[in-house]
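Structure at a glance
Residues per chain are reported as follows:
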Amino acid sequence: MKATHRSPRLLGLFVTAAGLLSSCAVPRVIPSAPAPPVVVRPPPPAPAPPPVSWRDMPITPGVWSWQLEGTRSVARFGLPGVASLVTLSCDRAAGQVLLARTGTGAEIPGEHIPMAITTTTGTRPLTSEPAVSQPGVVTTALRAADPILDAMAFSRGRFALDTAGLPLLALPSWPEVSRVIEDCR
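The structure reproduced in this document is the subject of the present report. (Residues numbered from 1 in each chain as written. Predicted model: local features only at pLDDT ≥ 70, side-chain atom pairs only at ≥ 80, totals over all residues. Heavy atoms only, no water.)

**So, the overall build of the chain**
For the chain, the count of helices and strands is 3 helices and 9 strands. For the chain, the α and β elements follow one another from N to C terminus as α-β-β-β-β-β-β-β-α-β-β-α. Of all 185 residues assigned to the chain, the portion counted as buried reaches 32%. Across the chain, the fraction of contacts at a sequence separation of at least 24, relative to all contacts at a separation of at least 6, is 55%. Summed over its atoms, the accessible surface of the chain is roughly 12,500 Å², and 64% of this surface lies on carbon and sulfur atoms. (Helix = DSSP H or I, 4+ residues; strand = E, 2+ residues; numbered from the N terminus. Buried < 20%, exposed > 50% of the residue type's maximum accessible area, 1.4 Å probe, protein only. Contact = heavy atoms within 4.5 Å. Areas by Shrake-Rupley, 256 points an atom, 1.4 Å probe, with all protein chains shown as cover.)

This is the structure in structure tokens:
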């Protein structure tokens, strides 16, 4: 019997064929994890509008009226037939202009309430004077020569009155304001 001798060529041919056959095999597909759900987020809210400047806010509804009450020159602001929102009155004997704002917002009886007048030339902080305030009215006394009074009279058509706990008022600079100031000097 003759021993079979395999030739190295034949062996190489088998190895090459096996390699080619293995490269033709269908790759095994490994299932992937399911895709995460798509989250649809609503658009972010629109930014809040910028705060309205006292110069841009509408003038508080109402009109100024002037009259002489006894010996006092008095200007009142409000809607006709309704209690005044603001009163300017001249106490000539004391050399003061009293600025009164109707309301009790942050009022604590006997306490000073922060107030401020803003004009085109700036803001002036004030405090109420409990001694001259009546119930339901926040009042501050200004010297008749106080420059804030002139600023109110010449404030490009308006000035603002801010009183703690009450809405900001944008008041027109009408002649009635100037009348009280001049009558007190």
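Back to the write-up after that little detour.
**Examining the sheet that holds strand β2 (residues 72–78)**
Taken in spatial order, the 5 strands of this open sheet run β1-β2-β3-β4-β7, and their pairing is antiparallel. Both outer strands of the open sheet, β1 (63–69) and β7 (137–143), are each paired with one neighbouring strand and no more. Each strand axis lies, on average, 20° off the axis of its neighbour in the sheet, ignoring direction. The pairing of strand β3 (residues 86–91) with strand β4 (residues 96–102) spans 6 bridges and is antiparallel. Bridging across to β4, L88 finds its partner in L99. Lying on the sheet, helix α3 (residues 175–183) is in contact with β1, β2, β3 and β4; it crosses β1 at an angle near 30°. (Pairing = 2+ DSSP bridges. Axes fitted to C-alpha atoms, helices over the stretch in contact; angles between N-to-C directions.)

**Description of the nonpolar core**
In terms of nonpolar packing, the biggest core is built from 28 residues, with W64, V86, L88, I117 and L171 touching the most fellow members. No other element matches helix α2 (residues 147–153), which puts 5 residues into this core. Excluding anything up to four places from it in sequence, W64 contacts A75, R76, F77, V86, L88, F159, L171, P172, W174, E176 and V177. (Core = buried A, V, L, I, M, F, W, Y, C linked by side-chain atoms within 4.5 Å.)

**Observations regarding the packing of aromatic side chains**
With the rule as written, the count across this model stands at 1 aromatic pair. Measuring from centroid to centroid gives 5.3 Å for W64 and F77, while their planes differ by 55°, and the two rings are tilted. With W64 in strand β1 and F77 in strand β2, this pair connects stretches of sequence that are 13 residues apart. The pair W64 / F77 is uniform in exposure class, with both members buried. (Phe/Tyr/Trp six-rings, centres within 6.5 Å; stacked < 30°, edge-to-face > 60°.)

**So, the pairing of strand β6 (residues 122–127)**
Pairing analysis gives 6 bridges linking strand β5 (residues 114–119) to β6, with the strands arranged antiparallel. Bridging from a neighbouring strand, A116 pairs with P125 of β6. The turn linking β5 back onto β6 is made up of 2 residues.

**Observations concerning the pattern of salt bridges**
Going through the model one piece at a time under the given rule, you end up with 6 salt bridges. The partner of D91 in a salt bridge is R72, with the nearest N and O atoms 3.3 Å apart. One end of the pair, D91, is in strand β3; the other, R72, is in strand β2, and 19 residues separate them in sequence. On the basis of relative accessibility, which here comes to 18%, the residue D91 falls in the buried class. The partner of R179 in a salt bridge is D183, with the nearest N and O atoms 3.2 Å apart. (Salt bridge = Lys/Arg side-chain N within 4 Å of Asp/Glu carboxyl O.)

**Observations regarding the state of the cysteines**
Counting across every chain of the model gives 1 disulfide. In this model, C90 is linked to C184 through a disulfide, with the two sulfur atoms separated by 2.2 Å. With the S-S bond torsion at 90°, the cross-link from C90 to C184 turns out right-handed. Here the residue C90 occupies a position in strand β3, and C184 occupies one in the segment after α3, the gap between them amounting to 94 residues. Comparing C90 with C184 shows no difference in burial state: the two are buried. (Disulfide = S-S within 2.5 Å.)

**Examining unusual backbone geometry**
Here R156, not a glycine, exhibits a phi torsion of approximately 40°, which is positive. Relative to the helices and strands, R156 resides in the loop between α2 and β8 (158–163). Its relative accessible area of 74% is what places R156 among the exposed residues.

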